[in-house]
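Okay, here's what each chain looks like letter by letter:
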Amino acid sequence: MKIIKIKDIKSKLNKAENPLFIFDDDHDGLCSYVLLRDYIKKGRPFATKGGAILRDNRLSEKINEYNSDIIFILDVPVISQEFIDGLKCKDIVWIDHHEVVDLNGVYYYNPKIKNPKLYKPTTEICYEIVKGKDWIAGIGIIGDYKIPKFLKKLKKKYKDLFNDANTIEEIIYANKFGKLIDIINYNLKGKNKDIKKFMETIPKIKDPYEILESKTENGKFIYQRYKKFMEKYKDLLNKALESGKTKDDLFWFLYAADNDSFTGELAQEIKFKLKNKIVFVGREKSGYIRFSLRSPNIPIRDILKKVLQEFNGTGGGHELACGGSIRKNDFDEFIKSLAKEFKKKQS
Ligand SMILES: [Mn+2]
């Protein structure tokens, strides 16, 4: 891998003519894109669905059609060499904050190379590179569970969006600023055509009230899409809290697929509500269960990876927040095994 510095990323941005921004389809990926795009006022968005992993060259061909002179990949945790090799564009900058991956043919920026313990969302890195809208930076960083360095300034400027919230969870679950994070995440769900329109609309929004108060046509479009998904989400959340199962410190809930995934949001909020439980939320689709796993305090990534190996599943992520996929037929044994391993760790 070739490691790139902040100032060199900036000069690559300045020289870009037809850039493509590929990003993870959540608040952190989206906000990273908005900051970089705002800075150069050009570029095409491309969200990878459900954190999908750029794992083979099927997507490379589609991306080659854009004829980009440079590609920025933002907040995508896993990329395969095959995907990179399949790209016609040879100027590729990958900015990420997940586990370090060594690939040929990319300029790589990951704060974990220097400091494996550092937790720095991709939006925070992009804000360091180009500055830009503080509320967009705030959504990406807080959404990724970190208090931004500029929180005080943000709270002063958008007083009513924070009230007296101080902790991450108070901001996310009890305040309008948290609603903005949901608005961004829910807008990345649904039909591709609508997601595309959202990704092209969001850089045009000047302040959060444009969305929250539906002040402009653009703001209204984004708010209405949020409302639709929020209702679906609330139904699922209630179902989960009523019918989820528990063994020792593990809570789990499965739901059947339609087109939209809420596993990340559900796992996060249920963890907040249940306090001391490790929360597993899975969505069944074509014989597989794609899941999110959240822990309030004990590190879960290594345990998860170990158990996944036994069952030929895939997954990973952060110490307290992971995701993955497992065959549906293996689920009962898998979840038992996971509960057992967590219990061992606790005692
Ligand atoms: Mn992130």
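Note that the coordinates shown come from a computational prediction; the quantities given were computed from them, not determined experimentally. (Residues numbered from 1 in each chain as written. Predicted model: local features only at pLDDT ≥ 70, side-chain atom pairs only at ≥ 80, totals over all residues. Heavy atoms only, no water.)

Regarding a nonpolar patch on the surface
Consideration 1: On the surface, a cluster of nonpolar side chains totalling about 320 Å² of accessible area is made up of Met1, Ile3, Val100 and Ile113.
Consideration 2: With respect to the secondary-structure elements, Val100 resides in the loop between β5 (92-95) and β6 (107-109). (Patch = residues over 30% accessible without salt bridge, like charges linked within 9 Å, V, L, I, M, F, W, Y side chains within 5 Å. Areas by Shrake-Rupley, 256 points an atom, 1.4 Å probe, with all protein chains shown as cover. Salt bridge = Lys/Arg side-chain N within 4 Å of Asp/Glu carboxyl O. Helix = DSSP H or I, 4+ residues; strand = E, 2+ residues; numbered from the N terminus.)

What about the pairing of strand β2 (residues 19-24)?
Consideration 1: Along β2, six of the six residues are buried, which leaves the element largely enclosed by surrounding structure.
Consideration 2: Residues Pro19, Phe21 and Phe23 point to one face of β2 and Leu20, Ile22 and Asp24 to the other, with burial holding for every one of them.
Consideration 3: Note that β2 and strand β4 (residues 70-74) share five bridges and pair parallel. Looking at β4, one finds that Phe21 is bridged to Phe72.
Consideration 4: Of the strand pairs in this sheet, β2 and strand β3 (residues 44-48) are connected by five bridges, and their pairing is parallel. In the sheet register, Asp24 faces β3, and the bridge partner there is Thr48.
Consideration 5: As for the winding sense of the linkage, the β-α-β connection from β2 through helix α2 (residues 27-40) to β3 is right-handed. (Buried < 20%, exposed > 50% of the residue type's maximum accessible area, 1.4 Å probe, protein only. Pairing = 2+ DSSP bridges. Right-handed = clockwise from strand over helix to strand, strands pointing away.)

Some remarks on the domain arrangement of the protein
Consideration 1: As far as domains go, the protein holds domain 1 (2-227) and domain 2 (244-346).
Consideration 2: A straight line from the C-alpha centre of domain 1 to that of domain 2 covers 25 Å.
Consideration 3: Around 1200 Å² of area is buried between domain 1 and domain 2 when both sides are counted, 50% of it from carbon and sulfur atoms.
Consideration 4: For the domain 1 face of the interface with domain 2, the top three residues by lost area are Glu99, Tyr173 and Lys189, together amounting to 45%.
Consideration 5: Along the contact surface separating domain 1 from domain 2 lie four salt bridges. (Domains from an automatic or database assignment. Buried area = accessible area lost by both parts, 1.4 Å probe.)

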